[in-house]
Structures are given as C-alpha cells and as structure tokens.
Amino acid sequence: RAHRPSGPHGAPPYLAGLNDEQRLAVEALDGPVLVLAGAGVGKTRVLTTRIAHLIATGRARPHEILAVTFTNKAAREMRERVAMFTGSTQGMPWLGTFHSIGVKMLRMHSELVGLRPNFTILDTDDQLRLMKQILQAENLDDKRWPARALASLIDSWKNRGLDPRHVPANESAGFAGGRGAALYEMYQTRLKALNAVDFGDLLLESLRLLREHGDILASFQRRFRCILVDEYQDTNVVQYLWLRLLARADGNLCCVGDDDQSIYGWRGADVDNILRFERDFPGAKVIRLERNYRSGGHILAVASGLIAHNQGRLGKTLFTDAPMGARPTVTGVWDSQEEARVVGDAIEQAQRAGVSLDDIAILVRASFQMREFEERFIALGLPYRVIGGPRFYERAEIRDALAYLRSVAEPDDDLAFERIYNQPKRGLGEATLATLHEYGRRTGVSLTRATRMLIETEELKARPRQILRDLLAGFDRWRKRAEQITHDELAQLVLEESGYIDMWKAERTPDAAGRLDNLKELVRSMGEFPDLGSFLEHVSLVMDVEGPSEGPRVSIMTLHGAKGLEFDVVFLPGWEEGLFPNQRSLDDNGRAGLEEERRLAYVGLTRARNEAKIYHAANRRVRGLWQTSLPSRFIGELPPDHTEFEETEGASAFGGYGVSRFDGAPAGFASRYDTPGWRRAEERSRHTAEQGARFGGGPGRVLEGQAQRRASPDAAFEAGARVFHLKFGPGSVVSADGPKLTVDFDRAGRKLVMGSFVTAEG
Ligand code: ATP
Ligand code: MG
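What comes next is a walk through the structure. (Residues numbered from 1 in each chain as written. Chains lettered and ligands numbered in written order. Predicted model: local features only at pLDDT ≥ 70, side-chain atom pairs only at ≥ 80, totals over all residues. Heavy atoms only, no water.)

1. Description of the overall build of the protein chain
The cut-off we apply is this: Numbering of helices and strands runs from the N terminus; a helix is a DSSP stretch of H or I covering at least four residues, while a strand is a stretch of E covering at least two. Residue burial is assigned from relative accessible area. The probe radius is 1.4 Å, only protein chains are included, and a residue is buried under 20% of its type maximum, exposed over 50%, and partly exposed in between. Any two residues whose heavy atoms approach within 4.5 Å are treated as being in contact. Here, Shrake-Rupley sampling with a 1.4 Å probe gives the accessible areas, and only protein chains in the shown set may cover a residue.
Each helix and strand counted, the protein chain has 31 helices and 21 strands in total. Considering the protein chain as a whole, with its 762 residues, one finds that 55% of them fall into the buried category. Intrachain contacts of the protein chain at a sequence separation of at least 6 include 75% that bridge at least 24 residues. Element-wise, carbon and sulfur atoms account for 50% of the exposed surface of the protein chain, whose accessible area totals about 32,900 Å².

2. Concerning the nonpolar core
Selection criterion: Nonpolar core, defined: a set of buried Ala, Val, Leu, Ile, Met, Phe, Trp, Tyr and Cys residues in which side-chain atoms within 4.5 Å join the residues together. Domain delimitation in this document rests on an assignment produced automatically or drawn from a domain database.
Counting residues in each nonpolar core, the largest one holds 68 residues, and the members touching the most others are Trp575 and Leu605. Lining this core are residues from two domains, each supplying at least three of them: domain 1 (8–107 + 205–291) and domain 3 (329–383 + 547–684). Apart from residues lying up to four places away in sequence, leucine 605 is in contact with Ile299, Val302, Ala303, Leu306, Leu572, Trp575, Ala612, Ile614 and Leu638.

3. Some details on the pattern of salt bridges
To keep it simple, the criterion reads: Each reported salt bridge corresponds to a side-chain nitrogen of Lys or Arg within 4 Å of a carboxyl oxygen of Asp or Glu.
The full count for this structure, using the stated rule, is 54 salt bridges. The shortest N-O distance in the salt bridge between arginine 165 and aspartate 163 comes to 2.8 Å. Classification of aspartate 163 as buried rests on a relative accessible area of 12%. Each of the salt bridges in this network shares a partner with another, and the network as a whole consists of Arg371, Glu372, Glu375, Glu521, Arg524 and Glu528.

4. Topic: the site of ligand 1
We count it as follows: Nearness is defined per residue: one heavy atom within 4 Å of the molecule or strand is enough. The term polar contact refers here to a pair of N or O atoms within 3.5 Å; inside protein, the definition further demands a hydrogen-donor-capable atom paired with an acceptor-capable atom, and it admits residues adjacent in sequence only when both atoms are side-chain atoms.
In the vicinity of ligand 1 lie 19 residues, with Gln22, Lys43, Thr44, Glu566 and Arg607 positioned nearest. At 3.0 Å, a backbone N or O of glycine 40 approaches an oxygen atom of ligand 1. The fraction of the free accessible surface of ligand 1 (630 Å²) that becomes covered by protein chains is 82%. Counting residues per element, the shell around ligand 1 draws most heavily on helix α2 (residues 43–56), which supplies three residues. For the shell around ligand 1, the domains that each give at least three residues are domain 1 (8–107 + 205–291) and domain 3 (329–383 + 547–684).

5. Notes on the environment of leucine 306
Among the structural elements, leucine 306 can be located in helix α14 (residues 297–307). The class for leucine 306 is buried, based on a relative accessible area of 0%. Every residue in contact with leucine 306, bar those within four places of it in the chain, is listed here: Arg598, Ala601, Tyr602, Leu605, Phe634, Glu637, Leu638 and Pro639.

6. So, the packing of aromatic side chains
As a reminder of what qualifies: Two aromatic rings, drawn from Phe, Tyr or Trp (for Trp, its six-membered ring), form a pair once their centres lie within 6.5 Å of each other, and the interplanar angle then sorts them: stacked below 30 degrees, edge-to-face above 60, tilted otherwise. Geometrically, a lysine NZ or arginine CZ counts as sitting over a ring once it is within 6 Å of the ring centre and also within 35 degrees of the ring normal.
Taken as a whole and judged by the stated rule, the model has 25 aromatic pairs. Ring geometry for phenylalanine 392 against tyrosine 393: centres 5.3 Å apart, planes inclined by 85°, an arrangement best described as edge-to-face. Accessibility classification places phenylalanine 392 together with tyrosine 393 in one group, the buried group. Joined through ring pairs, the aromatic side chains of Tyr404, Phe417, Tyr421, Phe475, Trp478, Tyr500 and Trp504 make up one cluster. The ring of tyrosine 240 has arginine 276 sitting right over it, with the charged end atom 4.6 Å from the ring centre.

7. Brief notes about the sheet that holds strand β17 (residues 722–725)
Rules: Two strands qualify as a pair provided that DSSP identifies no fewer than 2 bridges between them. Only C-alpha atoms enter the line fits that serve as axes; for helices the fit covers just the stretch in contact. Angles between N-to-C directions range over 0 to 180 degrees.
If you trace the five strands from one edge of the open sheet to the other, you get β20-β19-β18-β17-β21, paired in antiparallel fashion. In this open sheet, the two strands that pair with only one neighbour each are β20 (749–754) and β21 (758–760). Geometrically, the sheet is characterised by an average inter-axis angle of 45° between neighbouring strands, direction not taken into account. Inspection of the sheet shows strand β18 (residues 729–737) paired to strand β19 (residues 740–745) by six bridges, in the antiparallel sense.

8. Side note on the sheet that holds strand β7 (residues 252–257)
What the six strands build is an open sheet, ordered β3-β2-β6-β7-β1-β8; its pairing is parallel. Strands at the two margins of the open sheet, each flanked by one partner only, are β3 (94–96) and β8 (285–287). Neighbour-to-neighbour, the strand axes of this sheet turn through a mean angle of 10°, independent of strand direction. As defined by bridge partners, strand β6 (residues 226–229) adjoins β7 across four bridges and the pair is classed as parallel.

9. Some points on helix α22 (residues 487–497)
Where burial is concerned, most of α22 is hidden: eight out of the 11 residues are buried. Here α22 has its buried residues at His487, Asp488, Leu490, Ala491, Gln492, Leu493, Val494 and Leu495. Just past α22, the residue glycine 499 takes up positive phi, approximately 85°.

10. So, the packing of α22 against helix α24 (residues 510–526)
This is how the line gets drawn: The scheme is simple: roughly parallel for angles under 35 degrees, roughly antiparallel for over 145, roughly perpendicular for 65 to 115, oblique for anything else. Two helices crossing with the near one rotated counterclockwise from the far one by less than a right angle form a left-handed crossing, whereas a clockwise rotation gives a right-handed crossing.
It is at 7 Å that the axes of α22 and α24 come closest, and there the two elements cross at 155°. As far as their axial angle goes, α24 and α22 are roughly antiparallel. In the packing of α22 onto α24, the handedness of the crossing is right-handed. Contact residues: α22 offers His487, Asp488, Ala491, Gln492 and Leu495, while α24 offers Leu519, Val523 and Met526.

11. Digging into the pairing of strand β9 (residues 329–335)
Burial within β9 is extensive, with seven of its seven residues counted as buried. As defined by bridge partners, β9 adjoins strand β16 (residues 644–647) across four bridges and the pair is classed as parallel. When the sheet's bridge partners are listed, glycine 332 is paired in β16 with glutamate 647.

Dropping the structure here:
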C-alpha cells in the first residue's frame, strides 16, 4: 500500500516546495498533530498537502478523510487541489465547513434524531417566524420578549452544546420570567413536527447523534481514519465536543490554527480549545511554523509589533526571507468621503501598475462603512463585489427605511407603503391588507388613498382602523415636518416616530446593532444630497447598476470575512477609536474585547502580500452632525520604523495633527478640539444643512396625484336603494356622502361603508 511517487530528489513532487517544519507536519502521520503558528506561514497549505500525502502513501483512501475548513471558499479550494492529486476515481474526502458536514451526517441517520431524511434547514426568517408563533401562543408580548432575542439566546445555547434539559437555570431565568429553557424546548418540538432544523441544530443534533448512538459513533470513528481541521482557534464548544468524539485519542488528527487570529469569541468560539490541545490529546506533536511566505518584511514587522500588545497570547516569532517591500501606510483623511475618494484613486493607480482588481480588497470593521466605497466605485465605474453580504442598499433594514421615505415623498407608492405598513409589527393582518388592496383595485386608487377612505367607514374592524388612522396621521405629520426640517433630520424623525428604530433596539443582538449602524449611515449619507427627491433618485440609480458579471473585481468585505484569504493590496479604512476598536466590544467585554479587536487588526494586516494601507478620518458625520474622531489606538501601536504616516491636504488644511500625535499621548489629541479647523467643520455642517433645499412634496403634489390616479369613482346609490355587502349582507341605503354610504343592513344594523364595496341588489 505504501508506495510513494517520487520527484527528482526522491521526494514526492507535492512535498518539494515545503520547508522542514511544514514537511514534518505533513509527514507526521502517527498520533495527533497541532500546528500552532502565525499568519501566512502555510498552515492551510500544510493541511492540503497532508491530504495529498495521506492518499499518495495509501494511509487513507479519500473517503476515509474528514477535513473541516472555516469557509465555503476554502473548502472549494481544497477540493480542487485534492482532485488534482486523486482524479475522480477514488471518491472524495468529506471536506467542508462544520455545518456542511453536520448536514451530511444527519441526512444519513436522520431517523435516529427524530427527523426524516428530507428534512429542511430553516433560514433566519423562517426561524424567527416560528419563534414568534411560539411567543404568541404563550401570550408573551413580543415587544418585551422579542423573537430575535430568543433566537440569539437559543443559538448561544446550541453553540455551547446545550439542549433544553441542560440549560443552566440562571440563564433560563433571564428570558420571559424564567421560561427560556421551556421556550427552547417548545421550539425544538415544533422544529421536529415540521421535519426541520435550524443552523445551530446541524451541529447540536449531530453531536447528539454521536453521543446517544455508540454504534454510529464507532462506525464514523472507523471510517474517518484521518481528520484535519483548519482555523482551529475559532471552534466553539459544540464543534469541539463533536471533534473530540470523532477523533480517537490515538487517532490521526491534525489541527492547525493561530491563537492570535481568534476573532469569533462573540459567537461562542473558545480560544482555549487550541491551548488545551496537548492535554486533550496526550502525546500530541506540536509544530510551530515561523517562516511567513505571504507578506513583505515591513508588513510582517508591523503586524507582529501590533499583536505584541496583547497579553493573553502564547507569543511567537515570524520571519520572512522576502524583501522588506513597501511599508504599510497610515493616511489621515478629512472625512469618510475623502477616504473613499483616496482609496478609489489608489486602486486606479494600482490597476495602472498592473495589479488585478481580484488581488485588491477593502476590509472594513463594520458593514455600514461599505456604502461610501460602493458609491465611489459606482461613480468611477470600478467593478467590485461585496463578499458575505448584500450590497448596502439591498439590506433589509435599508430597504425598509427607504420605503418609509418613499412613502413620505410619494403617498401613492404602493410597494413602499405595503413594505412598511406593518413593519414594525403594529397588529395589522393579511385580511386588512387584502381589504385595502381590493378597494384600491376597484376604485383605481393607491393603497394609502384606499386606507384614507376606508378608515372613515366600518369596512375595517375597529382595531386595524385605529392603527391605520394613527399610521396615516404619522405620515401627514412627517410630510408637514418636511417643510420645516432638513431631509436627513426628517429621515431620523420618521425612523424614530414610526417605531422602526425601537424595533431593532429591542432586539439587543449583535445583528440588530449592525443594522442600527447601517440606518445611521443611511441618514448620514442623505446629508450629501440637496433634498429628499434627489437622494431617492440617486438610490434608484445606484440600485439599478448591474456591474459586469465577469472579469476582475475589487472585493469589499468585513475583517471577519477575510480570515484565511490573501490579496496583493489590502485597504484598511476607518481605524478610529470607537469604530475600530469597536466601542461595543470594549463596553461589553473590556480588555478581552479590546484584545479580540486587536487580533482582528492583526488578521487584517496579515492578509496583505505587497501593500497594506490604513486610513483614519478626522471627522465622521453621524445623523447630519460632524463628530471628530481620534485615530485608533492601534495606529499608535504600530512600530514607527516600519510604518509610513501621511496626511491628505484635506486633513492637514484644518490644523491637521501631524505625525507627532502618534506618540500615544492622549493630551496630544485633546488640543485638536480647539483648533479653528474643528470649528470650521461645525460651521460647514450647519451650512450644508441650511443650504439643503427642503423636500418639496407637500399637499399640492398629493392632490395632483389623486386627480390622475382616480380611475373610476365609487358607484352612486340613491337613498332607499337595496344593496348587498360581502361582509354585512343585504341592506337599504340611508344616505350617501361622496363615496361613502350609510346603510341599514338587515342583520348587521347601520354601518358606514364604501360605495364600491356594495353591489345593487335586485
Ligand atoms: P493564515 O493564518 O492567514 O490562514 P496560513 O498559515 O494558512 O495563513 P497559507 O495560506 O497556507 O498560510 O499560506 C500563505 C501563502 O504562502 C500562500 O500563498 C501559500 O501558497 C504560500 N506558501 C506556504 N508555504 C509555502 C512554501 N513552502 N513555499 C512557497 N510558498 C508557500
Ligand atoms: Mg490559513
């Protein structure tokens, strides 16, 4: 079995390029192996080569190998490389993310965990709908106990491998008066009834499968002679428990990771897993790789210097034989708009120098930062892709907010009105919407207009009638306010008064926090346009842009999404206190939070092969108001000998703050508040606000619309006419007031209804 294909020097060709330690890691086939090493040293490469080696030496057949990667992209790359070694005849290893492997196991043995093989995997929306139903059935106020909060709680339990029976009482106590675990149990029961699982179940249920069925566990243990795990530092508890069951103590297990790149603590990842490896797998071989093959010398020095500020780390050295290359740059810019402009210019310059757009990435801390870049790239005609999420204007919360604004600007925009009429939940049902639609269709008026008429009658039940009356009153108020305040202030007002912002605030999940940031960014960005109309027009144009479907593109993604990837040129914008390190991380987790942010910065820097370019803006505008921002403390931690500091004219024109500010002395920052530049900034913002033309909708436009839209008037009926109403049955008309009829119904009594909802009888 153990034949070895040989290269020119006796070693098989796939081993040829490896250094000694890498080769050791690839060839150590007896007992557990941990490769614990910094960024860009070839950990992932070791894993792929090891798979090739296992197959080539006959240690394992492809289907006896289980390889876990962190992203689908990494899985794809590995699969391609393995296919090159093996051809298609021998079958393929199980190779994918934890989740995709979990699905595979569950499909094989679904009946053992109470599912049928064709079970469905719920997406977040379905999951929330289900939780809402449960909360409703339990008579729990979903404002006080939002479904999303329950979802996030259950998810955190699942991440820790806890089923309902094992949820600690004190944690269950925190939700709905101690009913957390009971609701979790109900939710699981409902899932089973639907023959469905959610994302967390893919791991939790497969863990349960292995725990409760020794024969199944034994068969998987026999099958997976070799297990390989990438990015081991980011495994959470349930993944860890699952692995420990599958990997026999003496087994052929190889995990690779870097404690300095553990960035998913907020999702339950536990860096201790990697630090505990030698205890969990006695006799494990721990291999350290120190030679970085990815980045230039200066980049590596800067990344190492930065991460050295963390205390909770093992500490390791990294070196490279590559030339020093370009120093990472830190550029101070005036504001985020200038930041996008400067980055756009730099990309075009790199492009001219021959760098492919595919080798360029922009890595942001928070997704709201993406918008400014997207807009700039659209203006420049620079192809880009957003990885790991929709483009800014396609995000659900942005679409909702835009729907409110479109509805304010154009009451007859039915699509917009329909999107938000029950968002946040006001207690309007499908039946109400159907009535509005029906009336609109019959009389050829828009939904808002139909609503306005129907709430004057008893066509709708009292409760929805009142809710709709309040909603319309809100819109009337906002249209009026539009004449007095700027359109970005208006947007803020609408989002607050409609309860939309509160809806997200109530959820208190990291996801909701990101959405709130996006909404802020939306309001902020509106200030760049003279009025609401031109802003909305801009958005529809931007949404319409379909970039070329093929060809190279710049990647825009979050730092979290960039793990394991590499690019020639990496742009790192928004290195400012509060944004990066992120204030929420600091508030919630103190020093641990700060260290996780610093690791994220380390991940960002080490993605770069040739150039790393950091930016910080002196001003970010939040809700139409300029706020000064201080450069991130991480900038002060970069080794100055390896870093180049610069400043655009925009940033320095207003009493800019020169390189000396990076000496880390907070006092140096304080003086900035007093410079004329800061006052000028305030003046400028006020000026922009005043100059912004007011939104010019108003009643005039409304009436005009009405005249055009009204297709057929409500039918006219004489007093005494016999009519029939679908809901109230037969009756006699008492009087008519325009489209409205007062009718004495034979059974339902006197009601005010719309003429178009009755037909003449007999
Ligand atoms: P990260 O920590 O970011 O996940 P990593 O340790 O997994 O990084 P790899 O992505 O495997 O590192 O390798 C980084 C780069 O170095 C890749 O481009 C890889 O092809 C290259 N590389 C790795 N080992 C060698 C080698 N022995 N000779 C030449 N290039 C190598
Ligand atoms: Mg890697």
